[in-house]
Number of protein chains: 2
Amino acid sequence: MERADCIVGYTTYVRLLSADLLGDKEVVSTGMTGEIERCRTAVERARAGSNVAVVCSGDPGVYALAGLLLEILQESGSLDTVPFRVIPGIPAFCAAAALMGAPLMHDFAVVSLSDLLTPWETIERRVQAALEADFVLALYNPRSKKRSWQLPRVLEIYRVGGAGGRPAGWVKSAAREGQAVRLATVDTLDPEEVDMFTTVIIGNSQTRLLNRAMLTPRGYMAKYERS
Amino acid sequence: MERADCIVGYTTYVRLLSADLLGDKEVVSTGMTGEIERCRTAVERARAGSNVAVVCSGDPGVYALAGLLLEILQESGSLDTVPFRVIPGIPAFCAAAALMGAPLMHDFAVVSLSDLLTPWETIERRVQAALEADFVLALYNPRSKKRSWQLPRVLEIYRVGGAGGRPAGWVKSAAREGQAVRLATVDTLDPEEVDMFTTVIIGNSQTRLLNRAMLTPRGYMAKYERS
């Protein structure tokens, strides 16, 4: 970002950048549904010779803009001429997991509950697969004002599958103002407390709740103590 | 790490730290199979009042030591008395994904192919579930000198499932000396090139290969162009 001439991003994220970093660079910020506009602007500026940095939260490669930028680079025929690089970051589910203890120590699946771009049948099939194959499950976009029945439906799938007592928890606004952490179980987690800034994690069959932490053991202890 | 009195870690990772950072701190480094010893030492020092930093690569909460430390804190009855905090990092599969383009833009599963601590049947069930539920799949520990048949078996599951033409690739030693990136398909990926420092990513049914990148579209274009 220091070397960029132009910084493009969702308004909320651009506001998190320091004035020092922004300096006198061109700044293009747009609202939440302006993804395409944002990425097209970035590609236009880059085609005109600017060194452009597109800012995301979390990891730009996890439900963020890396893919859309690639699509627009291709669409504009500039895939070969405009240098493009993804700088990885800490994804929201890792920031959330760290605050909850160590829930992701074994195989896990990450599913977005937003059915704006994905049919709900596909999402539900993935949740069911995560339960049946005993993955730890991290949920993005678990709930918004307009999408309130999806998370209860996921919890119901777990209950019907006999996993109502399984540890489940959430983190809201990880590492930001208003950060909150809740540890519960599938049965006791209250969907009403969850919003679109929340990541939900549901344990696998081995996950347990210690007093202030959710732990999915990897099996080291059992293995090495025996040998 | 700056504020720690004692730094504990796998020898290879401790060597990556600068002499400035290490200063005159106590440093406890052990070989690769010394996880339990490493974590027990860390907990002992912390119980004795030291400010201890345990160093992992990637994210300490993804197949690393956060969970084992919690287990040992519990075992030693110090869960309530020793402050414990996980600092999230960039997991290896995100560093790998960034170098491959944007393969993780939609729901994904992460599976370790190491059957030292997990029965192979469980691992295979998860791979099969990832294929059937159309997750992008990231594989940790895909191959070592002693474990050479597991990755070919995973590729066979995909071929049998009609997904032989699906984009697949790997990154070796992401962001380290010797970094290498390969983009291929399930049919053309050569397991012999893969080692224990490699992360493999297999696309979902929508993933495609652009000339220098692997892209899983999230669906933005299709959605917004239509509306």
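Everything numeric in this text was worked out from a predicted model, so none of it was measured. (Residues numbered from 1 in each chain as written. Chains lettered and ligands numbered in written order. Predicted model: local features only at pLDDT ≥ 70, side-chain atom pairs only at ≥ 80, totals over all residues. Heavy atoms only, no water.)

Novice: Would you mind going over the overall build of chain A with me for this structure?
Specialist: Within chain A, the secondary structure is distributed over 8 helices and 11 strands. By principal-axis analysis of the C-alpha atoms, chain A measures approximately 60 × 40 × 35 Å. Looking at chain A as a whole, 56% of its 227 residues are labelled buried. Within chain A, contacts between residues separated by at least 24 positions form 64% of all contacts whose residues are at least 6 apart in sequence. Accessible surface for chain A amounts to roughly 10100 Å². Of this, 49% is attributable to carbon and sulfur atoms. In chain A, the 25 positive side-chain charges and the 26 negative ones have mean positions that sit 4 Å from each other. (Helix = DSSP H or I, 4+ residues; strand = E, 2+ residues; numbered from the N terminus. Buried < 20%, exposed > 50% of the residue type's maximum accessible area, 1.4 Å probe, protein only. Contact = heavy atoms within 4.5 Å. Areas by Shrake-Rupley, 256 points an atom, 1.4 Å probe, with all protein chains shown as cover. Lys, Arg positive; Asp, Glu negative; His and termini not counted. Charge placed at Lys NZ, Arg CZ, Asp CG, Glu CD.)

Novice: Help me out: how do you make sense of the domain arrangement of chain A in this one?
Specialist: It is common to give the size of an interface as the accessible area that goes away when the parts come together. All names here are of chain A. The domain boundaries assigned to chain A delineate domain 1 (6–75) and domain 2 (92–215). The gap between the C-alpha centroids of domain 1 and domain 2 is 29 Å. Contacts between domain 1 and domain 2 engage 7 residues on the former and 7 residues on the latter. Regarding the contact of domain 1 and domain 2, the summed buried area is about 500 Å², with carbon and sulfur atoms giving 67% of it. Applying the counting criterion to the domain 1 and domain 2 interface returns 0 salt bridges. (Domains from an automatic or database assignment. Buried area = accessible area lost by both parts, 1.4 Å probe. Salt bridge = Lys/Arg side-chain N within 4 Å of Asp/Glu carboxyl O.)

Novice: What is the right way to read the packing of helix α3 (residues 35–47) of chain B against helix α4 (residues 66–75) of chain B from this model?
Specialist: For any two helices packed against each other, one specifies the inter-axial angle together with the distance between the axes. Residue and element names in this part refer to chain B. At their nearest, the axes of α3 and α4 sit 9 Å apart, and the two run at 55° to each other. One way to sum up the angle between α3 and α4 is to call them oblique. As for how α3 packs across α4, the hand of that crossing is right-handed. Together, Glu35, Ile36, Cys39, Arg40, Ala42 and Val43 of α3 and Leu68, Leu69, Ile72, Leu73 and Glu75 of α4 make up the contact between the two elements. For the contact of α3 with α4, the residue count by class is 8 nonpolar, no polar and 3 charged. (Axes fitted to C-alpha atoms, helices over the stretch in contact; angles between N-to-C directions. Parallel < 35°, antiparallel > 145°, perpendicular 65-115°, else oblique. Left-handed = near helix turned anticlockwise from the far one by under 90°. Nonpolar A, V, L, I, M, F, W, Y, C, P; charged D, E, K, R; others polar.)

Novice: So what exactly am I meant to see when it comes to the pairing of strand β9 (residues 198–202) of chain A here?
Specialist: On a regular strand, one side chain projects to one face of the sheet and the next to the other, so that they alternate. All names here are of chain A. Within β9, 5 of the 5 residues are buried, which leaves the element mostly enclosed by the surrounding structure. Pairing geometry for strand β6 (residues 136–140) and β9, over 3 bridges, is antiparallel. Counted as the bridge partner of Leu139 is Val200 from β9. The pairing of strand β7 (residues 167–172) with β9 spans 5 bridges and is classified as antiparallel. Note that in β9 the partner of Lys172 across the bridge is Thr198. (Pairing = 2+ DSSP bridges.)

Novice: Help me understand the sheet that holds strand β1 (residues 6–10) of chain B in this model?
Specialist: Each strand in a sheet pairs with its neighbour through backbone hydrogen bonds, running either in the same direction (parallel) or in the opposite one (antiparallel). Residue and element names in this part refer to chain B. Read from one edge of the open sheet, 3 strands run β2-β1-β3, paired in parallel fashion. The sheet is open, and its two edges are formed by β2 (26–30) and β3 (52–55), each paired on a single side. Across the sheet, the axes of successive neighbouring strands diverge by a mean angle of 15°, strand direction being ignored. Across 4 bridges, β1 lies against β3 in parallel orientation.

Novice: How should I be thinking about the pattern of salt bridges in this particular structure?
Specialist: Evaluation of the coordinates by the stated rule reveals 18 salt bridges over all chains. Where Arg182 of chain A meets Glu193 of chain A, a salt bridge forms, and the shortest distance between an N and an O atom there is 2.7 Å. Highlighted residues: Arg182 of chain A in strand β8 (residues 180–185) and Glu193 of chain A in the loop between β8 and β9, separated in sequence by 11 residues. Linking Arg143 of chain B and Glu192 of chain B is a salt bridge whose minimum nitrogen-to-oxygen distance equals 3.7 Å. Of this pair, Arg143 of chain B sits in the loop between β6 (136–140) and α7 (150–160) while Glu192 of chain B is found in the loop between β8 (180–185) and β9 (198–202), placing the two residues 49 residues apart along the sequence. Linked by salt bridges that have partners in common, Asp107, Asp134 and Arg166 of chain A together with Arg126 of chain B make up one network.

Novice: What am I meant to see in the interface of chain A and chain B here?
Specialist: Opposite the 67 residues of chain A that make contact, chain B presents 67 residues. Both sides of the chain A and chain B interface together cover about 6100 Å² of buried area, and 59% of this is carbon and sulfur. In this assembly, chain A and chain B are joined by 4 salt bridges. Salt-bridge contacts for Asp134 of chain B lead to Arg126 of chain A; the nearest nitrogen and oxygen are separated by 3.8 Å. Here chain A and chain B share 26 residue pairs in polar contact (both at pLDDT 80 or more) between them. Of all the elements in the fold, those that place two or more residues in the side of chain A that touches chain B are α3 (35–47), α4 (66–75), α5 (92–100), β4 (101–102), β5 (108–112), α6 (120–132), β11 (214–215) and α8 (220–226) of chain A. Per-element tally for the side of chain A that touches chain B: the top contributor is α4 of chain A, with 8 residues. Looking at the side of chain A that touches chain B residue by residue, the class counts come to 39 nonpolar, 12 polar and 16 charged. When β5 of chain A meets strand β5 (residues 108–112) of chain B, the two strands line up antiparallel, connected through 3 bridges. Along β5 of chain B, the bridge assignment pairs Phe108 of chain A with Val110 of chain B. (Polar contact = N/O pair within 3.5 Å; in protein donor to acceptor, adjacent residues only side chain to side chain.)

Novice: What should I look at first to understand the packing of aromatic side chains in this one?
Specialist: Scanning the model with the defined rule gives 13 aromatic pairs over all chains in all. Their ring planes at 45° and their centres at 4.8 Å tell us that Tyr63 of chain B and Tyr140 of chain B sit as a pair that is tilted. Here Tyr63 of chain B, found in the loop between β3 and α4, pairs with Tyr140 of chain B, found in strand β6; they are 77 residues apart in sequence, far enough to count as distant. When its relative accessible area of 10% is taken as the criterion, Tyr140 of chain B is described as buried. What links up through ring pairs into an aromatic cluster is the set Tyr63, Phe93, Phe108 and Tyr140 of chain A together with Tyr63, Phe93, Phe108 and Tyr140 of chain B. In this structure, Arg126 of chain A is placed above the aromatic ring of Phe135 of chain B, and the distance from its NZ or CZ to the ring centre is 5.8 Å. A cation over a ring is seen here: Lys172 of chain A above Trp170 of chain A, with NZ or CZ 5.0 Å from the ring centre. (Phe/Tyr/Trp six-rings, centres within 6.5 Å; stacked < 30°, edge-to-face > 60°. Lys NZ or Arg CZ within 6 Å of the ring centre and 35° of its normal.)

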